[in-house]
Amino acid sequence: MKRALLILAVLLVGFSSSKASHIPGGNLTWTCTGNPNEYIVTMVMFVSCPSTLGTTYTGTVTNTCGLPNPTLTMPQIGVMQEVSQICPAEMWNSACATPAGTIPGVRMYTYQTTVTLAGPCNTWDFAFSLCCRDANSNTAGGSGNTMYFHSGMNSQTAPCDNSPYVTAQPIPYVCAGVQQTYCPGAIDPDGDLLTYTLVNPLGANAVPIAYLPPYTVAAPLQNLVMNPATGCITFNQPTTGNFVVTYLIEAWDAFGNLTGFIYHDFQFEVINNANCQPPVGPAGGISNLTGAGTLINNNTIQICEGQSLCFDIVFTDPDVNDTLKLDSNNTNLWTALPGATLSQTGINPTTFTICWTVPVGQPAITSFTIGVTDGSCPIENLANYPVQLNVINS
């Protein structure tokens, strides 16, 4: 079976605020417009402040079927956004502020175009590269490496398919010597099953970048354990620095065919901070399930379309003065659960109650991540918990 290459390369910012083009990451994804062989290709690119990016970039399109290749010229859409993991009270001191502050900051730019492909093919590839990556502590070459974005689709296997995408905080700041949990929060709009593997990041011409000892592909951070079903990792990195972690996230349709896969390539900022204890997700998983649905395991519910349910997810924070709130990056919750309601009870501990009536035609695999921030300053600590609903269609 031919494999489409879909790479989501997201390498996130280091604490350096150099004026050089230090690119912390980005990605190329696509959505089907509904017209034959027509797709909206979107590139998201991050840059370390105070650097800025251009207004138009050109990538390449190739295929393995001998078909003509369209151009991939992507103008900027919308406005630049700051995506720094900083508490609101300290945003004035971000490196993205004017005048630039002392806290690291990152800007996000979005570029987009519509392409009409010459026909179905396994595979169509989209690529873009630009120098240079941010410096980091665990890969060879560091800031001398090119950032390489690459995505692809099996449009013959899966006509009018949409790429998976990652919704987790793009620039995780975590504390040295403290156990952390990170979940990518990846979802597939078509309800394809997603699987996760740790792989090398990519440099110029998609050449894999090696890890420096003692770090490896399987252990890009120290004391790391990964759950391959959810992509969640736990780790305890004892030293500060920037650490690259790269996921291969594969999407599979209901017949076991590979529809695409993405590389989620990003960088943890491991720092020392006055408040370093992250919130803690529910040790016992989902609780207080009411209505329809059956709890399969701690974080998975099986339910039929047209049925309704409610359930709780509880977070606590060892820093008793912290106030927990829903992470602003949890847009995937509303995308995954159209029409759902969410309420919050308490501030620490806090209980999130989700109620939802499953619409007819809902994808069979519905995944999302509940994430919280603790309101600490200057760097907000994050925690998230993955949830999967297995929807039985009539």
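Please refer to the structure higher up on the page.
Cut-offs used in this document
Residues numbered from 1 in each chain as written. Predicted model: local features only at pLDDT ≥ 70, side-chain atom pairs only at ≥ 80, totals over all residues. Heavy atoms only, no water. Helix = DSSP H or I, 4+ residues; strand = E, 2+ residues; numbered from the N terminus. Rg over C-alpha atoms; globule rule 2.2 N^0.38 Å. Contact = heavy atoms within 4.5 Å. Areas by Shrake-Rupley, 256 points an atom, 1.4 Å probe, with all protein chains shown as cover. Lys, Arg positive; Asp, Glu negative; His and termini not counted. Charge placed at Lys NZ, Arg CZ, Asp CG, Glu CD. Buried < 20%, exposed > 50% of the residue type's maximum accessible area, 1.4 Å probe, protein only. Pairing = 2+ DSSP bridges. Axes fitted to C-alpha atoms, helices over the stretch in contact; angles between N-to-C directions. Salt bridge = Lys/Arg side-chain N within 4 Å of Asp/Glu carboxyl O. Disulfide = S-S within 2.5 Å. Phe/Tyr/Trp six-rings, centres within 6.5 Å; stacked < 30°, edge-to-face > 60°. Polar contact = N/O pair within 3.5 Å; in protein donor to acceptor, adjacent residues only side chain to side chain.

Caption draft 1: View of the overall build of the chain. Looking only at helices and strands, one finds one helix and 26 strands in the chain. For 394 residues, the compact-globule estimate of 2.2 N^0.38 gives 21 Å, and the chain sits close to it at 21 Å. Counting only C-alpha atoms and orienting by the principal axes, one finds that the chain spans roughly 60 × 55 × 40 Å. For the chain, restricting intrachain contacts to residue pairs at least 6 apart in sequence, the fraction spanning at least 24 positions comes to 68%. Accessible surface, the chain as shown: approximately 15200 Å² in total, 55% of it carbon and sulfur. Across the chain, the 6 positively charged side chains and the 21 negatively charged ones have centroids separated by 12 Å.

Caption draft 2: Looking closely at the environment of Q81. Following the sequence through the fold, Q81 ends up in strand β5 (residues 81–82). Residue Q81 is classed as partly exposed on the basis of its relative accessible area of 41%. Spatially, the C-alpha atoms of Q81 and N242 are 22 Å apart, while their sequence positions differ by 161 residues. Excluding residues within four positions of it along the chain, Q81 makes contact with V106, R107 and M108.

Caption draft 3: Just the sheet that holds strand β17 (residues 258–271), in detail. Taking strand neighbours across the sheet as the criterion, the four strands line up as β10-β17-β16-β13 in an open arrangement whose pairing is mixed. Edge strands, defined here as strands with exactly one partner in the open sheet, are β10 (173–175) and β13 (193–198). The mean angle between the axes of side-by-side strands here comes to 35°, regardless of whether they run parallel or antiparallel. Relative to strand β16 (residues 241–252), β13 runs antiparallel, the two being bridged by six bridges. Bridge pairing in β16 links L198 to Y247.

Caption draft 4: Looking closely at the sheet that holds strand β11 (residues 180–182). Read across the sheet, three strands follow the order β11-β15-β14 without closing on themselves; strand pairing throughout is antiparallel. Every interior strand has two partners, whereas the edge strands, β11 and β14 (225–226), have only one. Here β11 runs beside strand β15 (residues 233–235); their pairing, made up of three bridges, is antiparallel. When the sheet's bridge partners are listed, Y182 is paired in β15 with I233.

Caption draft 5: Highlighting unusual backbone geometry. Cis geometry is found at the peptide bond from C49 to P50, where omega equals 10°. Look at the link from P213 to P214: it is a cis peptide, with omega at 10°. Take P214: it is sitting in the loop between β13 and β14. Of note, N37 is a non-glycine position whose phi angle comes to about 60°, a positive value. Mapping N37 onto the fold places it in the loop between β1 (25–32) and β2 (38–48). The class for N37 is partly exposed, based on a relative accessible area of 25%.

Caption draft 6: Highlighting the side chain of N93. You can see N93 is positioned in the loop between β5 and β6 (106–116). Once residues within four sequence positions are removed from consideration, N93 is found in contact with G101, T102 and I103.

Caption draft 7: Representation of the pattern of salt bridges within the structure. Scanning the entire structure with this criterion turns up two salt bridges. For R133, the salt bridge goes to D265, with nearest N and O atoms at 2.8 Å. With R133 in the loop between β7 (122–131) and β8 (146–154) and D265 in strand β17, the pair connects residues that are 132 residues apart, well separated along the chain. We note that R133, like D265, is buried.

Caption draft 8: Structural context of the state of the cysteines. Taken as a whole and judged by the stated rule, the model has seven disulfides. Here C131 engages in a disulfide with C132; their sulfurs sit 1.7 Å apart. With the S-S bond torsion at 75°, the cross-link from C131 to C132 turns out right-handed. A relative accessible area of 34% places C131 in the partly exposed class. A residue is classified by how much of its surface remains accessible, and C132, at 19% relative accessible area, is buried. Put simply, C183 and C232 are joined by a disulfide, and their sulfur atoms are 2.0 Å apart. Disulfide C183-C232: torsion about the S-S bond near 110°, hence right-handed. Remark: C232 occurs in the loop between β14 and β15 and C183 occurs in the loop between β11 and β12 (186–187); sequence separation between them is 49 residues. The same class applies to C183 as to C232, namely buried.

Caption draft 9: The arrangement of the packing of aromatic side chains in detail. For the structure on display, the rule yields 13 aromatic pairs. Ring geometry for Y182 and F268: centres 5.3 Å apart, planes at 85°, overall edge-to-face. Of this pair, Y182 sits in strand β11 while F268 sits in strand β17, and the two are 86 residues apart along the sequence. Note on F268: relative accessible area 1%, which makes it buried. Pairwise contacts between aromatic rings join Y182, Y196, F235, Y247, F266 and F268 into one cluster.

Caption draft 10: How the structure looks around the side chain of S84. Inspection of the secondary structure assignment puts S84 in the loop between β5 and β6. A residue is classified by how much of its surface remains accessible, and S84, at 10% relative accessible area, is buried. In terms of polar contacts, S84 uses its side chain to reach the backbone amide nitrogen of V106, at 2.9 Å. For S84, the contacting residues outside a window of four places in its chain are S94, C96, P104, G105, V106 and Y173.

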